[in-house]
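Coordinates in review
Letter by letter, the chains look like this.
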Amino acid sequence: MTSRTDEALGYEQARDELIEVVRRLEAGGTTLEESLALWERGEELAKVCRRWLEGARARLDAALAEEEESEGDGSPSGDA
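The paragraphs below set out a description of the structure included in this document. None of these values were measured; they are calculated from a predicted model.

1. Quick word on the overall build of the chain
Scanning the chain from terminus to terminus reveals three helices and zero strands. Ordered by position in the sequence, the α and β elements of the chain form the string α-α-α. The proportion of buried residues among the 80 residues of the chain is 14%.

Following this line, the structure appears as structure tokens:
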């Protein structure tokens, strides 16, 4: 479950926190319970990052589709 705080995180913030979570997991030295909590936090942060990236992809796709539409309506292009 994603918290409202996670939803307010920007992509860079979530990515940076995820990097820190991974670093701590890779370093070891945490209890099983701490490791599980870190893993769960990492999963939530990965979801936040994925949503941001999916939103960015949708915006790019929409911009490209709009550009293709404007090229197909008789607007001048370099294909002449």
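2. What about helix 2 (residues 11-27)?
An α-helix turns once per 3.6 residues; consequently, residues spaced three or four apart project the same way. The first and last C-alpha atoms of helix 2 sit 24 Å apart over 17 residues, in line with the 24 Å expected at 1.5 Å per residue. Just downstream of helix 2, Gly28 is the residue with a positive phi angle, here 75°.

3. Side note on the packing of helix 2 against helix 3 (residues 32-72)
Relative orientation of the contacting elements helix 2 and helix 3 amounts to 150°, with a least axis distance of 9 Å. Classed by the angle they form, the pair helix 2 and helix 3 counts as roughly antiparallel. The chirality of how helix 2 crosses helix 3 is left-handed. For the pair formed by helix 2 and helix 3, the contact residues are Tyr11, Ala14, Arg15, Glu17, Leu18, Val21, Arg24 and Leu25 on the first element and Ser35, Leu38, Trp39, Arg41, Gly42, Leu45, Ala46, Val48, Cys49, Trp52 and Leu53 on the second.

4. Focus on the nonpolar core
In this structure, Leu9, Ala14, Val21, Leu38, Leu45, Val48 and Cys49 together form the largest nonpolar core, which totals seven residues. The element that contributes the greatest number of residues to this core is helix 3, accounting for four residues. Aside from chain neighbours lying at most four places away, what touches Val21 is Leu38, Arg41, Gly42 and Leu45.

5. Quick word on the environment of Leu36
Along the chain, the position of Leu36 falls in helix 3. Looking at Leu36, the relative accessible area reads 42%, which means it is partly exposed. Measuring from C-alpha to C-alpha, the distance between Leu36 and Leu25 comes to 9.4 Å, with eleven residues separating the pair along the chain.

6. Here's the deal with a negative patch on the surface
Residues Glu66, Glu67, Glu68, Glu69, Glu71 and Asp73 make up a contiguous surface patch of negative charge. Position of Asp73 relative to the elements: it lies in the segment after helix 3. For Asp73, a relative accessible area of 55% translates into the label exposed.

Criteria and thresholds
Residues numbered from 1 in each chain as written. Predicted model: local features only at pLDDT ≥ 70, side-chain atom pairs only at ≥ 80, totals over all residues. Heavy atoms only, no water. Helix = DSSP H or I, 4+ residues; strand = E, 2+ residues; numbered from the N terminus. Buried < 20%, exposed > 50% of the residue type's maximum accessible area, 1.4 Å probe, protein only. Expected span 1.5 Å × (residues − 1). Axes fitted to C-alpha atoms, helices over the stretch in contact; angles between N-to-C directions. Parallel < 35°, antiparallel > 145°, perpendicular 65-115°, else oblique. Left-handed = near helix turned anticlockwise from the far one by under 90°. Contact = heavy atoms within 4.5 Å. Core = buried A, V, L, I, M, F, W, Y, C linked by side-chain atoms within 4.5 Å. Patch = residues over 30% accessible without salt bridge, like charges linked within 9 Å, V, L, I, M, F, W, Y side chains within 5 Å. Areas by Shrake-Rupley, 256 points an atom, 1.4 Å probe, with all protein chains shown as cover. Salt bridge = Lys/Arg side-chain N within 4 Å of Asp/Glu carboxyl O. Lys, Arg positive; Asp, Glu negative; His and termini not counted. Charge placed at Lys NZ, Arg CZ, Asp CG, Glu CD.

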